[in-house]
Every structure is written in C-alpha cells, then in structure tokens.
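Coordinate inspection notes
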Amino acid sequence: MAVIVALGAFLMTLAGGWTAQRVTDRRHLVLGLAGGLMLGVVGLDLLPEALHAAGSEVYGVPLALLLFVGGFLVAHVVERLLAVRQASHGAGEGPGDGARVPRVGLTAAAAMVGHSLADGVALGAAFQVGGGMGATVALAVITHDFADGFNTYTLTSLYGNARRKALLMLFADAVAPVVGAASTLLFTLPEEPLGAYLGFFGGVLLYLAAAEILPEAHHEHPALSTLMCTVGGVAGIWLMVGIAD
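Keep in mind it's a predicted model, so treat the numbers as computed, not measured.

Regarding the overall build of the chain
- Tallying secondary structure elements over the chain gives nine helices and two strands in all.
- When the helices and strands of the chain are listed from N to C terminus, the series reads α-α-β-β-α-α-α-α-α-α-α.
- The buried share of the chain, taken over its 245 residues, is 44%.
- A separation threshold of at least 6 residues defines the contact pool for the chain, and within that pool the share at least 24 residues apart is 85%.

As structure tokens, then:
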C-alpha cells in the first residue's frame, strides 16, 4: 500500500517541477495550504503517535520528543551547510555573483532527493503502524512533495545548470519516495524504534513547514487568503484525526 501511495508523491513532485517552469500567481496559496497540512500532521497526529510508541525516556525527556528536536536541528544544520535558503532566495542576485556556481544548485537539489528518500521510508514505516497513521503521513508527504518538485527544479536551474540537468534532478526527486517506501517492504521496525524514527521525521517536517514552506508562501504574497489556507490545512488534519479516532 505504501508503494502505491508513494506513486502519488511521484506525480505530485513532477507537478511541482512542471509548475516551476510555468509559475503562476497562485503558488503562494498552494504552499500556504501545504504548510498548514504539514503543521497539522506533525502536531496533531505524528508526534502524539511517536510519543506513544517510543515510551522510554533519556534524562527525563521522552525519546521521541528528544529525536523530534534532533530532527529539527539536523534539518536546520543541513540547510545551512548546503546553502539551500541562499539558493531559494537568490533570484535577485547578479549573474556575476560568486555564489552562482552550478555545483551549488546540484548539491542543494541532491539534498532534496535525499530528503524525499527519507520521506518514502517514513511513509512505509507509518503504514506499519496502521492505516490511519499511514494516511495522515501520506497526506503530508504528497502535499509537500509539490513544493519539493518546485524547489528541486528551481534550485538546479537557478544556478546556471542546463534544463536537462534540472529535469534529471526533478525525476530523481520524484522517484526517491517510491524507492524509500519500497525499501520498507524488506523489514519491519519494532514499535519503539519506529516511534523514535517518526519523532525524528516529525522534527524534520516541522522545520520544513516553519522555516521553508510558510515563509516562502508569505514572502511575496502576505495575503489573508494565504493565511486562511494555512489555518484550513491544520483544521483539515484535526478533522481527519477526529474521524479516525
């Protein structure tokens, strides 16, 4: 089931890359909704499930919560090291800027591919917990993969790489969650390590929503409609969690 759902992430990533080539003025609404959905999944479903599954504590702190903070920090450190933010906001820089090196764009795009691979593993692991958890994680993964596809194509092309390379990185990013989900067919995680992993993944998702997707959604369009899409995304997840229970 996880592999079938991952195909949705594959298509959504390609849709994001296609949109990146034909940017419309509605992108901020899509990103605002994606950020709200991710926030709702992390806070209302993923983290509570992780805390329940990974019950042990480390120096008085639940393991899942410790790894949740660790996931947030790891995502932040990786972003800083690979200059993803500088790439995504560097469109106004001059062509002679030293930061515009094709390798930077390829490295940032490769980081997006690695993240999408981890998305697929988390998707497969969530379906091992149960259908309800799998569905909510799938919604988060599929939704934010639109932004992944958009950013992967943009990051690659922005730094002077040929369109062929940008499309190649986009395709790799689209395939990655399918490969990650398929890998979980080969093993079953015990409940406690699974909860710990979901906690870590929740921290990564929260960072992407709070530090990347939502700021980008409101960067050029600080409109009430964008904010309402975000709030609506959180409310939608709350409704789904309530129905599932």
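Read on, since the account is not over.
Section: the nonpolar core
- Counting residues in each nonpolar core, the largest one holds 46 residues, and the members touching the most others are Met38, Leu46, Leu123, Val137, Phe201, Leu205 and Ile213.
- Listing elements by their share of this core, those giving two or more residues are α1 (2-21), α2 (27-53), α3 (63-82), α5 (102-129), α6 (131-158), α7 (163-183) and α8 (191-219).
- Counting residues per element, this core draws most heavily on α8, which supplies 13 residues.
- For leucine 123, the residues in contact, after removing those within four places along its chain, are Ala2, Val5, Ala6, Gly134, Val137 and Ala138.

Details of α7
- The terminal C-alpha atoms of α7 lie 30 Å apart, and with 21 residues this matches the ideal 30 Å at 1.5 Å per residue to within 8%.
- Where α7 bends most, the angle comes to about 25 degrees, and this point is valine 175, followed within four residues by the proline proline 177.
- Residues of α7 that are buried include every one of Ala166, Met169, Leu170, Asp173, Ala174, Ala176, Pro177, Val178, Gly180 and Ala181, and no others.

A look at the packing of aromatic side chains
- Counted according to the given criterion, the structure contains two aromatic pairs.
- Each ring, one from phenylalanine 10 and one from phenylalanine 171, has its centre 6.1 Å from the other, and the planes form 85 degrees; the classification is edge-to-face. Of this pair, phenylalanine 10 sits in helix α1 while phenylalanine 171 sits in helix α7, and the two are 161 residues apart along the sequence.
- Phenylalanine 171 sits in the partly exposed class, given a relative accessible area of 45%.
- Look at phenylalanine 72 and tyrosine 207: their rings are 5.0 Å apart centre to centre, the planes differ by 85 degrees, and that puts the pair in the edge-to-face class. Highlighted residues: phenylalanine 72 in helix α3 and tyrosine 207 in helix α8, separated in sequence by 135 residues.
- On the basis of relative accessibility, which here comes to 29%, the residue phenylalanine 72 falls in the partly exposed class.
- Of the residues examined, tyrosine 207 reaches a relative accessible area of 5% and is grouped as buried.

Some words on the environment of alanine 140
- By secondary structure assignment, the location of alanine 140 is in helix α6.
- With relative accessibility at 0%, the residue alanine 140 sits in the buried group.
- Counting along the chain gives 106 residues from alanine 140 to alanine 34, while the straight-line C-alpha distance between them is 7.6 Å.
- Discounting chain neighbours no more than four positions away, the residues touching alanine 140 are Met38, Val41 and Leu205.

Side note on the confidence of the model for the chain
- Considering every residue of the chain, the mean pLDDT works out to 76; 80% of them sit at 70 or more.
- α7 holds the highest mean pLDDT among the elements of the chain, 88, whereas helix α4 (residues 84-88) holds the lowest, 52.

Reading the values: the criteria
Residues numbered from 1 in each chain as written. Predicted model: local features only at pLDDT ≥ 70, side-chain atom pairs only at ≥ 80, totals over all residues. Heavy atoms only, no water. Helix = DSSP H or I, 4+ residues; strand = E, 2+ residues; numbered from the N terminus. Buried < 20%, exposed > 50% of the residue type's maximum accessible area, 1.4 Å probe, protein only. Contact = heavy atoms within 4.5 Å. Core = buried A, V, L, I, M, F, W, Y, C linked by side-chain atoms within 4.5 Å. Expected span 1.5 Å × (residues − 1). Bend = angle between axes of the 7 residues up to and from the residue. Phe/Tyr/Trp six-rings, centres within 6.5 Å; stacked < 30°, edge-to-face > 60°. pLDDT = per-residue confidence, 0-100.

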